[in-house]
Amino acid sequence: MTGRPLAPADEEALVLRLREGERAVLGDLFSLHRQRIWRMIRFRMDRRLAARIDPDDVLQEAFLAARTRIDKFLAEPRGSFFVWLRMIALQTLFDQHRHHIGAEMRNAARDVRIDQSPSSNTSLCLATQLAGTLTSPSQAAAGLEMMQQLEQAIASMAALDQEIIAMRHFEDLTNVESAEALGISPTAASNRYVRAIGRLKEILTALGGSEFGLA
């Protein structure tokens, strides 16, 4: 890996070098996206798995998996390296969960693109992140019950809506990256995000929570 921080503008040149046979630049590309991949792993990691391993452990396994499977990325003439790497990390997270917990994760993709890797349940991940916005004394006292109500409400949303919120708001994907990951057009992804955020705001308002700056 290089000793200097990499800017997003470096990616195109690095991918070109990778396609020309310079496998050593894979480490630089991984470094470029390390923080976002780590954030995704932390967001989607089941709490039972988090009690056994750290997101950094999954991140390291994801890098090893990417190095082993890089030929699959190179076989495709187009596509974002980050979106491919995210898929590898999701699959690694699923494998780690299966290894340490022994039960299959519920498939967050459901009616999402079939080649998207299974991950932890998106409605639960979103509920966990959003529960902190429900801060009234009565809600705080309700604890687990409120958490369950929030998850059930989010689970009533379409799977694609849950995923687009997770990707855009909690994983920091761009609209174009989200569209590629979900197998839809950027316009469809943008429209879906706006509608999904509107629905989520309604859910939070009904449960007494804030909108926490959702746009």
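Residues numbered from 1 in each chain as written. Predicted model: local features only at pLDDT ≥ 70, side-chain atom pairs only at ≥ 80, totals over all residues. Heavy atoms only, no water.

Draft legend 1. Representation of the packing of helix α9 (residues 159-170) against helix α11 (residues 186-206) in the model. Packing of α9 against α11 brings their axes to within 9 Å, and their N-to-C directions diverge by 95 degrees. Regarding the angle of α9 to α11, the classification is roughly perpendicular. Within the contact between the two elements, α9 uses L160, D161, I164, I165, R168 and H169 and α11 uses A189, R192, Y193, A196, I197 and L200. The class makeup of the residues in the contact of α9 with α11 is eight nonpolar, one polar and three charged. (Axes fitted to C-alpha atoms, helices over the stretch in contact; angles between N-to-C directions. Helix = DSSP H or I, 4+ residues; strand = E, 2+ residues; numbered from the N terminus. Parallel < 35°, antiparallel > 145°, perpendicular 65-115°, else oblique. Contact = heavy atoms within 4.5 Å. Nonpolar A, V, L, I, M, F, W, Y, C, P; charged D, E, K, R; others polar.)

Draft legend 2. Up close: the nonpolar core. Counting residues in hydrophobic clusters, the biggest one holds 59 residues, and the most contacted among them are I41, F81, W84, L150, I154 and I165. When residues in this core are grouped by element, the largest group, nine residues, is from helix α5 (residues 81-100). Among residues more than four places away in sequence, those in contact with I41 are P55, V58, L59, A89 and L93. (Core = buried A, V, L, I, M, F, W, Y, C linked by side-chain atoms within 4.5 Å. Buried < 20%, exposed > 50% of the residue type's maximum accessible area, 1.4 Å probe, protein only.)

Draft legend 3. Representation of the packing of aromatic side chains in the model. Enumeration over the complete set of coordinates arrives at five aromatic pairs. When the ring of F81 is compared with that of W84, the centres are 5.7 Å apart and the planes differ by 40 degrees; the resulting orientation is tilted. Placement of the pair is F81 and W84 together in helix α5, with a separation of three residues, close to one helical turn. Within the aromatic cluster, the residues linked to one another by ring pairs are F73, F81 and W84. When the ring centre of F82 is taken as reference, the NZ or CZ atom of R36 above it lies at 3.7 Å. When the ring centre of Y193 is taken as reference, the NZ or CZ atom of R168 above it lies at 4.2 Å. (Phe/Tyr/Trp six-rings, centres within 6.5 Å; stacked < 30°, edge-to-face > 60°. Lys NZ or Arg CZ within 6 Å of the ring centre and 35° of its normal.)

Function-wise, these values are silent; they only describe arrangement.
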